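Observations on chain architecture
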Amino acid sequence: MNSRHTDHATRAEKFNLDESRVDWHDKTLWFIREKRDKAAWQIPEWEQLRETASQIKNNVLSNLHDYLIEFEKNAQKNGATVHWASTPAEHNKIVLDIIKQAGARNIVKSKSMLTEECHLNEYLTAHGIDVVDTDLGERIVQLAGEPPSHIVLPCIHWKKEEIGELFHQELGTPKGNADPQLLTNAARLNLRNHFMTSRVAITGVNFAVAETGEIVVCTNEGNADLGVQLADVHIACMGLEKIIPRRKHLGVFLRLLARSATGQPITTYSSHFKKPREGQQWHIVLLDNGRSERLGSNDFRNALKCIRCAACFNTCPVYRRSGGHSYHTTVAGPIGSILAPGLDMKKNADLPFASTLCGSCSNVCPVKIDIHDQLYKWRQVLVRNGHVSAIKAIGMKGMAAVLSYPFIYNTSGSLGRWIMRYFPFLFSNRANLWYKQREMPKAPEKSFREWYIKNRKKK
Amino acid sequence: MNSRDRILERIKKNLPQESPLPSVDINTNFSDLKEKFKATLTSIGGTAIEVTDWSHIKNYIQLNYLDTDQVISTAPQLNFKAHTFKNDPRALERIKISILQGSFGVAENGAVWITDTHMGDRVLPFINEHLALVINEKDIVSTLHQAYEKIDLINYSLGVFIAGPSKTADIEQSLVLGAHGAKSLVVFLMT
């Protein structure tokens, strides 16, 4: 289960060593969840929007083949070159070849979880290309040599004093200054130089419209637009599932996206790239990386509907208290925990267990993905395929036996209560994971069943 | 077989049962579009100013941006001629403020739709230090649904919803205006 890296529980335990920091992290994310609620409650038709968005995405999945061909045709008509990549390796090679052809050594990139999924930065760096992430949060983690811990708020786990120290070392801001205004301005000035001198700009894609062949990119900072409009070459990288049928459907998705993500009514910039500027090259790279296989799975297909708003992160009691890096995947949180096992079941077998199955993720999801159901279903798949530890497997088998036979169920209950009463140390020890950071409850006199038979059944 | 065909073949093989496309049947209408737009724009860090003609805008700019050498506009009515568009978009970096015509505004989110036709250069609305957009006050719609009905009638190569000044809250959720794009945004509502 954890042959190549430490698992979620171990990483979360490390994150939890600093209790006040965990509280701070928890509260910061809950604050964003509350902003999301306020924004959603201002829209009387919010539930109708979610249902419509969900149905549009279902339609996309059932017609993905035709929509992709329609998008390709229209994008080509608009002047784009469309590339197809089965794997991250193929994706990265396509991007590198375009950069080399343009004769560029340094490029700017706006936020794209897809390029994180492909580990594009490492690949380009190894081939002598200087990649600069231009989203402020992503720039901060890039300077620190870390991956983002959140897909919308990449450095949500950093405190401003730490960013002040990082910027002091990297950008020469005054030591000890942690004013967000000053730090943001320092990044603005520094990144302007990169924008002005980069001939290639990479962006992600929020939505790609089959009907018109245009792509939509949403940012608050304006970094995608500055990068693209100052570059000779624009490379847009997207997953196959980002297609939507008609332009008017953007009305549904753009109303949901920012409200779900940060509680804003819309991001500052929602840019519709339809045709490149005169003399500019425009490339669109479509990545599969397991998506076409997932499409065939009745249980796990719905995860492809995700629009990457991260509302499920902000609401998740486990994410808020364990931090994004505990998930050891590009996309953390509940949605990441159902995406990751599809890519590598063995490596990510711990993630579907990093949940209380409380269902809050499914309740806030703007496209109604059944996230907590999928977490539960992944657990069953993982156990069947032998990807859980022996202790967990024995425990589950034992539980299954107890729950299958009324006689064992009844006797084990009273036996358990008897042991807890007279030999509490058998439960209150380190072998019992439930005992960690918890007191065991006092064993009740009798079970609910016994109480019910005595008090109610005779009536 | 190349990657494209292999991917498409896998998709075709794995397509789920047909799921019909829903109709988007949402008709929200605000009674006072101008007030709703102004309130929303203010809440996202922008400023709305009502004007009756172009001379008001010109006065406002001259009053607030003394150095008109760094002011640029694509609106012929304003006649700011100090800077002309050259082939190099990087030259626009020194622009203090640009005044551009938007197509219409959206009351629910404070956004203004602007297309490349009115940008002069595509980089201008993003590279200038401050941005002003001009729309007719009767060109405000309630929601994005109505907005896309209007957009269907507009021909563009680049179309952008701009809602407020550029911003970030990446440092401890503290809101800072002026991330990479404009540090402030004024929307002039022309009666």
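1. Quick word on the overall build of chain B
For chain B, the count of helices and strands is five helices and eleven strands. Its C-alpha atoms give chain B a radius of gyration of 20 Å, more than 25% over the compact-globule value 16 Å for 191 residues. Viewed in the frame of its principal axes, chain B has a C-alpha envelope of about 65 × 45 × 40 Å. The buried share of chain B, reckoned over its 191 residues, is 53%.

2. Looking at a nonpolar patch on the surface
A surface patch of nonpolar side chains, about 670 Å² in accessible area, is lined by Leu415, Trp418, Tyr422, Phe423, Phe425 and Leu426 of chain A. Structurally, Tyr422 of chain A can be placed in helix α20 (residues 406-422).

3. Description of the domain arrangement of chain A
Residues and elements named next belong to chain A. Taken domain by domain, chain A holds domain 1 (8-12 + 307-384), domain 2 (43-289) and domain 3 (391-455). With centres defined by C-alpha atoms, the gap from domain 1 to domain 2 works out at 23 Å. Contacts between the two partners involve 21 residues from domain 1, matched on the other side by 27 residues from domain 2. For the pair domain 1 and domain 2, the summed buried area comes to about 2,000 Å², and 59% of that belongs to carbon and sulfur atoms. At the boundary of domain 1 with domain 2, the tally comes to two salt bridges. Scanning the region where domain 1 abuts domain 2 turns up eight residue pairs in polar contact (both at pLDDT 80 or more). Taken together, the residues that form the side of domain 1 that touches domain 2 break down as 13 nonpolar, six polar and two charged.

4. Some words on the sheet that holds strand β1 (residues 81-85) of chain A
All names here are of chain A. Read from one edge to the other, the open sheet built from six strands follows the order β1-β10-β7-β4-β2-β3, with strand pairing classed as parallel. Looking at the sheet topology across the chains shown, the edges are occupied by β1 and β3 (130-133). Strand-to-strand twist across the sheet, computed as the mean angle between neighbouring axes with direction ignored, equals 20°. Sheet analysis places strand β2 (residues 106-109) next to strand β4 (residues 200-203), joined by three bridges and oriented parallel. Following the sheet pairing, Ile107 is matched in β4 by Val200.

5. Brief notes about the environment of Ala431 of chain A
All names here are of chain A. Along the chain, Ala431 turns up in the loop between α20 and α21 (448-457). Relative accessible area serves as the criterion here: at 73%, Ala431 is assigned to the exposed category. A C-alpha to C-alpha distance of 51 Å links Ala431 and Pro44, two positions 387 residues apart in sequence.

6. What about helix α3 (residues 54-64) of chain B?
Residues and elements named next belong to chain B. The complete set of buried residues in α3 reads Trp54, Ile57 and Ile61. For α3, the angular spread of the buried residues around the axis is 60°, confining them to a single face. Check the buried side of α3 and you find it contacts β1 (47-51), β2 (71-73), β3 (97-101), β6 (130-136) and β11 (184-190).

7. A look at the interface of chain A and chain B
The interface of chain A with chain B comprises 93 residues on the first partner and 69 residues on the second. Counting each side, the surface lost to burial between chain A and chain B is near 6,900 Å², with a carbon and sulfur contribution of 57%. Counting across the chain A and chain B interface gives seven salt bridges. The shortest N-O distance in the salt bridge between Arg255 of chain A and Glu108 of chain B comes to 3.0 Å. Between the two partners, chain A and chain B, sit 44 residue pairs in polar contact (both at pLDDT 80 or more). Considering every element that reaches the side of chain A that touches chain B, the biggest residue donor is helix α10 (residues 180-197) of chain A, with ten residues. Looking at the side of chain A that touches chain B residue by residue, the classes come out as 40 nonpolar, 30 polar and 23 charged.

8. Brief notes about the pattern of salt bridges
All names here are of chain B. The tally for this structure, following the rule as stated, stands at 33 salt bridges over all chains. For Asp5, the salt bridge identified is with Arg4, shortest N-O distance 3.1 Å. Judged by its relative accessible area of 31%, Asp5 falls in the partly exposed class. Residue classification places Arg4 among the partly exposed residues on the basis of a relative accessible area of 24%. Its salt-bridge partner being Lys34, residue Glu137 comes within 3.3 Å of it at the nearest N-O pair.

9. Quick word on the side chain of Ser149 of chain A
All names here are of chain A. In this structure, Ser149 sits in the loop between α8 (136-143) and α9 (160-171). A distance of 2.7 Å separates the side chain of Ser149 from the side chain of His157, its partner in a polar contact. In contact with Ser149, not counting residues within four places along its chain, are Pro154, Ile156, His157, Tyr319, Gly324, His325 and Ala332.

Calculation rules
- Residues numbered from 1 in each chain as written.
- Chains lettered and ligands numbered in written order.
- Predicted model: local features only at pLDDT ≥ 70, side-chain atom pairs only at ≥ 80, totals over all residues.
- Heavy atoms only, no water.
- Helix = DSSP H or I, 4+ residues; strand = E, 2+ residues; numbered from the N terminus.
- Rg over C-alpha atoms; globule rule 2.2 N^0.38 Å.
- Buried < 20%, exposed > 50% of the residue type's maximum accessible area, 1.4 Å probe, protein only.
- Patch = residues over 30% accessible without salt bridge, like charges linked within 9 Å, V, L, I, M, F, W, Y side chains within 5 Å.
- Areas by Shrake-Rupley, 256 points an atom, 1.4 Å probe, with all protein chains shown as cover.
- Salt bridge = Lys/Arg side-chain N within 4 Å of Asp/Glu carboxyl O.
- Domains from an automatic or database assignment.
- Contact = heavy atoms within 4.5 Å.
- Buried area = accessible area lost by both parts, 1.4 Å probe.
- Polar contact = N/O pair within 3.5 Å; in protein donor to acceptor, adjacent residues only side chain to side chain.
- Nonpolar A, V, L, I, M, F, W, Y, C, P; charged D, E, K, R; others polar.
- Pairing = 2+ DSSP bridges.
- Axes fitted to C-alpha atoms, helices over the stretch in contact; angles between N-to-C directions.
- Arc of directions from axis to C-beta.

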